[in-house]
Amino acid sequence: MKKMITALTLGTGLMLIPGYLGAQDHHDDRYYDKHHKDYHQWNDHEDRAYHMYWEQHHHAYVDWDHANARQRQAYWDWRHNHSDAILKINIR
C-alpha cells in the first residue's frame, strides 16, 4: 500500500512538471513565436519595436504583459517583416 501511494504521489508530481513549465509565459525574457517557430529575446530593441508597432497600427497601446495571444501573434508576424535596421533601431 505504501509503495502504491508513493508511486501515485511521484507520478502526479512528474505529470505536473511539464504543465508548470509550459504555463510560464516567458523565461529570461524570451518569448516563443508559434507561427514562425522561433524565440525572441525581449530587450530595449524589442520594446521600441513593440511601441512602433502600436503607433503604426493606430491602436490604443496594450502593454505586452496584458496583450492576449492574438495580439502577441499579430506583433510577431509584423516583427518578422520589420528588422531593427528597417525600423532604424540603433544596433550596437
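Provided above is the structure to which this section pertains.
Residues numbered from 1 in each chain as written. Predicted model: local features only at pLDDT ≥ 70, side-chain atom pairs only at ≥ 80, totals over all residues. Heavy atoms only, no water.

Caption draft 1: Highlighting the overall build of the protein. Tallying secondary structure elements over the protein gives four helices and two strands in all. The proportion of buried residues among the 92 residues of the protein is 25%. Sequence-distant contacts, at least 24 apart, represent 52% of the contacts inside the protein between residues at least 6 apart. Counting only carbon and sulfur atoms, one obtains 58% of the accessible surface of the protein, whose full area is about 7300 Å². (Helix = DSSP H or I, 4+ residues; strand = E, 2+ residues; numbered from the N terminus. Buried < 20%, exposed > 50% of the residue type's maximum accessible area, 1.4 Å probe, protein only. Contact = heavy atoms within 4.5 Å. Areas by Shrake-Rupley, 256 points an atom, 1.4 Å probe, with all protein chains shown as cover.)

Caption draft 2: How the structure looks around the pattern of salt bridges. Applying the stated rule across the entire model yields two salt bridges. A salt bridge links Glu 46 to Arg 79; the nearest nitrogen and oxygen atoms lie 2.6 Å apart. One end of the pair, Glu 46, is in helix 2 (residues 44–56); the other, Arg 79, is in helix 3 (residues 69–79), with 33 residues separating them in the sequence. Each member of the pair, Glu 46 together with Arg 79, is buried. One salt bridge connects Asp 84 with Arg 79, and the closest N-O pair in it is separated by 2.5 Å. Grouping residues by exposure puts Asp 84 and Arg 79 together as buried. Among the ionic contacts, a cluster of salt bridges with common partners joins Glu 46, Arg 79 and Asp 84. (Salt bridge = Lys/Arg side-chain N within 4 Å of Asp/Glu carboxyl O.)

Caption draft 3: Focus on the nonpolar core. By size, the foremost hydrophobic cluster in this structure holds 15 residues, and its most contacted members are Trp 42, Tyr 50, Trp 64, Tyr 75 and Trp 78. Those elements that place two or more of their residues in this core are helix 2 and helix 3. Looking at which element gives the most residues to this core, the answer is helix 2, with five residues. (Core = buried A, V, L, I, M, F, W, Y, C linked by side-chain atoms within 4.5 Å.)

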